[in-house]
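Each chain, written out:
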Amino acid sequence: MTVLAEELTALGERPAGPCPDPVNAPMIRNWTQALGDHDARWAETAPPAMIQVWSMPGLNRDKPGTIADRILALLNESGFTGVVATNCEQTYDRYLRHGEELRSTMRFGGLTGPKRTGLGEGYFVTWHQTWYAEGERVAEMMFRVLKFRPRAAGGPPAKGRRARPAIGPDTRFFWDGLRDGELRVQRCAECGRLRHPPGPMCPECHATKREHVTVSGRGTLHSYVVHHHPPVPGFDPPFVVALVDLEEGVRMVGDLLGCPPDQVRIGMPVEAVLQKIDDDLVLPQWRPAGSAPKPPPAQGAEPAAQGAESVAQGTEPAKAAAELAALSVDLTPTFVISTALATRDFTPVHHDTALARAQGSTDIFLNILTTMGLVQRYVLERLPGAVLEGVSVRLGVPAYAGDTLTLTGRALDDRTVEVRGAVSLGDHAIATVRLKG
C-alpha cells in the first residue's frame, strides 16, 4: 500500500476529467433551497462552497477513475470499507458565473496509517483538486478522508444505557446546575474553600455549612486514560477519560471529546461542555480549549479571580465586539438526506440508516460538503456583502440526524472569521473563513 501511495504521489497533477454539467441555475437552486441559503448573489453567480459539487460523479459508475481511486479500492479490499471525510480546505480565486464550463485536475497528497481512531483502525488519504474555467484557475481544494475498518467487522460496540449517577442532598445542586447550563462547585460557607466532589463537611475547617458557586469551565489536563476494554454500556471505545485541573483550584473528571487519543497531551488547555445524554441526564465533559464559544465569567468566584477576568475583558474589547450571533439548524433526517443529494453525495452513510449503523455510526449524518455550505451561509448572513476567499474545515464528532447544529463565530479581523459548529456530542466542525479585502 505504501508503494502504491509513493507511485501515485510521483504522478503529480493529472486530469480528473470534465465536470458533468456547466454551472447552472437548477443545481444552484436545489443546493440553496436544501441548505437554506437565500443570498441574492446566487441568481447570477454560484455559491463558492459549491465548487466540489460540479465535479462530483453522483451515481455515474462509468466515470473515469480519479488518482485516489486505486488506493481507495485497495483499502476496501483490505477490509477498510468505512469512509468519512475529516478535513477540507478550499480557496476561491473568483466566484463562478452561470453557464461556465469547468474541468479539474487532481494530485495525490499522501497516505497516513494505520492509525487508531474512535471509528476503528484506519488510514488517512489526502488529495488535491484544482478547477479551471477556459484555462483560468478558479478554485483549489485539499480533501482528506479516513478509510477505516468498521467496528462491526471486529465486534459490536458496547450497547445499553449509561449508568445513572446517585443523586443525594450533597450532590443535587451539581446535577441541577448541569441541567440549567451551569457547572457548579461546592464551597464552604465558613472558610470559603472550594471542594469537589461535594461532601457534607469541609476538609479544611470541618464546618458543615455549605454553598456553591458557578465556575468558568476552563482548566488544564492533569491526567487521562484511554479506555479500550472492557465494554462500557453507552460508550464506544476507545474513549478518553480526563482528570482536569480547573482554574479555580479543584479537579473534575469527564470524557474528553473532539480530540483523537493520539493527540491528547498532559497540560493541554481544555474547557467544559455540558453534554445532554437524554431528557434526564446532562454530564460535564471536556474538549480542547478554543473549540467552543468562551463561557461566561464565574459567578461568586474569589475576588482575585473576578478581578483577573475583568482585566482580561478590558484588554480585549475588539474581540467581544466581533462575536457573531449564533445560528441553529435542526438536523432532521430530511435535511441530512436532501443536503447530501443536493451536493451530489450518494455515500450510503448519509442516506441509509441500516448501512450507516453497519459502519459503526449511530444514524445517518451530515456530509462535509453540507458543513462547508453551512459555514459559508453562516458567515455571509452575518457579514452581508462579504466575499469569500477560502474556507478550511476540520470535522470532529458526527452531526447525526435528529440533533441540532449550532454555529457560532467571531471575526478576528477584517479578513478572518473563526466558526465553530457544535452538536450534543461536542464540536462537529472547526472552521476558518478567509474574506477578500
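Analysis parameters
- Residues numbered from 1 in each chain as written.
- Predicted model: local features only at pLDDT ≥ 70, side-chain atom pairs only at ≥ 80, totals over all residues.
- Heavy atoms only, no water.
- Axes fitted to C-alpha atoms, helices over the stretch in contact; angles between N-to-C directions.
- Helix = DSSP H or I, 4+ residues; strand = E, 2+ residues; numbered from the N terminus.
- Parallel < 35°, antiparallel > 145°, perpendicular 65-115°, else oblique.
- Left-handed = near helix turned anticlockwise from the far one by under 90°.
- Contact = heavy atoms within 4.5 Å.
- Buried < 20%, exposed > 50% of the residue type's maximum accessible area, 1.4 Å probe, protein only.
- Pairing = 2+ DSSP bridges.
- Polar contact = N/O pair within 3.5 Å; in protein donor to acceptor, adjacent residues only side chain to side chain.
- Core = buried A, V, L, I, M, F, W, Y, C linked by side-chain atoms within 4.5 Å.
- Salt bridge = Lys/Arg side-chain N within 4 Å of Asp/Glu carboxyl O.

S.K.: What exactly am I supposed to notice about the packing of helix 2 (residues 25–35) against helix 7 (residues 333–342) here?
M.R.: Think of two packed helices as two axes; the pair is described by the angle between the axes and how far apart they sit. Their axes nearest at 9 Å, the elements helix 2 and helix 7 cross at an angle of 155°. Classified by the angle between their axes, helix 2 and helix 7 sit roughly antiparallel to one another. Crossing handedness for the pair helix 2 and helix 7: left-handed. For the pair formed by helix 2 and helix 7, the contact residues are N30, W31, A34 and L35 on the first element and F335, S338, T339 and A342 on the second.

S.K.: Explanation requested: the pairing of strand 17 (residues 416–423) in the structure shown.
M.R.: Within a regular strand, side chains alternate between the sheet's two faces. In terms of residue burial, strand 17 counts as a mostly covered element, since 6 of its 8 residues are buried. Turn length for the strand 16 (residues 404–411)-strand 17 hairpin, with the two strands adjacent in sequence and antiparallel, is 4 residues. Of the strand pairs in this sheet, strand 17 and strand 18 (residues 426–435) are connected by 8 bridges, and their pairing is antiparallel. Directly across from A422, in strand 18, lies its bridge partner D427. The antiparallel hairpin formed by strand 17 and strand 18 contains 2 residues in its connecting segment.

S.K.: Please explain the sheet that holds strand 7 (residues 194–195) as it appears in this structure.
M.R.: Neighbouring strands of a sheet are bound in pairs by backbone hydrogen bonds; such pairs are parallel or else antiparallel. Strand order in this open sheet of 3 strands is 7-6-8, and the pairing throughout is antiparallel. One side of each edge strand has no neighbouring strand; the edge strands of this open sheet are strand 7 and strand 8 (210–214). In this sheet, strand 7 lies alongside strand 6 (residues 184–188) in antiparallel orientation, the contact comprising 2 bridges. Across the sheet, the residue bridging to Q186 is R195, located in strand 7. Packing against the sheet, helix 4 (residues 172–179) makes contact with strand 6 and strand 8, and its axis sits at approximately 145° to strand 6.

S.K.: Help me understand the side chain of Q129 in this model?
M.R.: For Q129, the position within the fold is in strand 4 (residues 120–133). On the basis of relative accessible area, Q129 is assigned to the buried category, the value being 7%. With sequence-adjacent residues up to four places away left out, Q129 is seen in contact with S55, S104, T105, M106, A139, E140 and M141.

S.K.: Is there a simple way to think about unusual backbone geometry in this case?
M.R.: The phi torsion of most residues other than glycine is negative, and most of the peptide bonds are trans. The omega torsion across G113 and P114 is 0°, close enough to zero to call that bond cis. Within the secondary structure layout, P114 lies in strand 3 (residues 103–117). Each neighbour pair has its own omega, and for H196 with P197 the value is 0°, a cis peptide bond. With respect to the secondary-structure elements, P197 resides in the loop between strand 7 and strand 8. In this model, R344 sits at a positive phi of 60°, which is unusual for a non-glycine residue.

S.K.: It is not clear to me how the side chain of T370 should be interpreted in this structure. Could you clarify?
M.R.: You can see T370 is positioned in helix 9 (residues 368–382). Of note is the side chain of T370, whose polar atom sits 3.3 Å from the side chain of T339. With sequence-adjacent residues up to four places away left out, T370 is seen in contact with L35, F335, T339, A340 and T343.

S.K.: Any chance you could explain the nonpolar core here in plain terms?
M.R.: The nonpolar side chains of a soluble globular protein tend to be buried with one another. Ranked by size, the top nonpolar core spans 84 residues in total, and within it W54, L102, L331, V419 and V433 carry the most contacts. With 8 residues, helix 9 is the single largest residue contributor to this core. Aside from chain neighbours lying at most four places away, what touches L331 is V336, L366, A399, Y400, A401, G402, D403, L405 and V423. One finds L183, V240, L281 and V282 within the second-largest nonpolar core, a separate group that totals 25 residues.

S.K.: When you look at the sheet that holds strand 2 (residues 82–92) in this model, what are you seeing that I'm missing?
M.R.: Strand order in this open sheet of 10 strands is 1-3-4-5-2-15-18-17-16-14, and the pairing throughout is antiparallel. Across the chains shown, the open sheet's two edge strands, defined by having one partner strand only, are strand 1 (14–18) and strand 14 (323–330). Here the average twist between neighbouring strands, direction ignored, is 25°. As judged from the 7 bridges shared by strand 15 (residues 388–395) and strand 18, these two strands associate in the antiparallel manner. In the strand pairing of strand 18, V393 is matched with A431. Where helix 9 meets the sheet, it contacts strand 2, strand 5 (136–148), strand 14, strand 15, strand 16, strand 17 and strand 18, and its direction lies at approximately 140° from that of strand 14.

S.K.: Looking at this structure, I do not really get the pattern of salt bridges. What am I missing?
M.R.: Charged atoms that come close allow side chains of opposite charge to pair. If you walk through the whole model with that rule in mind, you get 21 salt bridges. In this structure, R210 and D170 form a salt bridge, with 2.8 Å as the shortest nitrogen-oxygen distance. Highlighted residues: R210 in strand 8 and D170 in the loop between strand 5 and helix 4, separated in sequence by 40 residues. Where D176 meets R179, a salt bridge forms, and the shortest distance between an N and an O atom there is 2.5 Å. With D176 and R179 both in helix 4, this residue pair falls 3 residues apart, about one helical turn. Looking at R179, the relative accessible area reads 41%, which means it is partly exposed.

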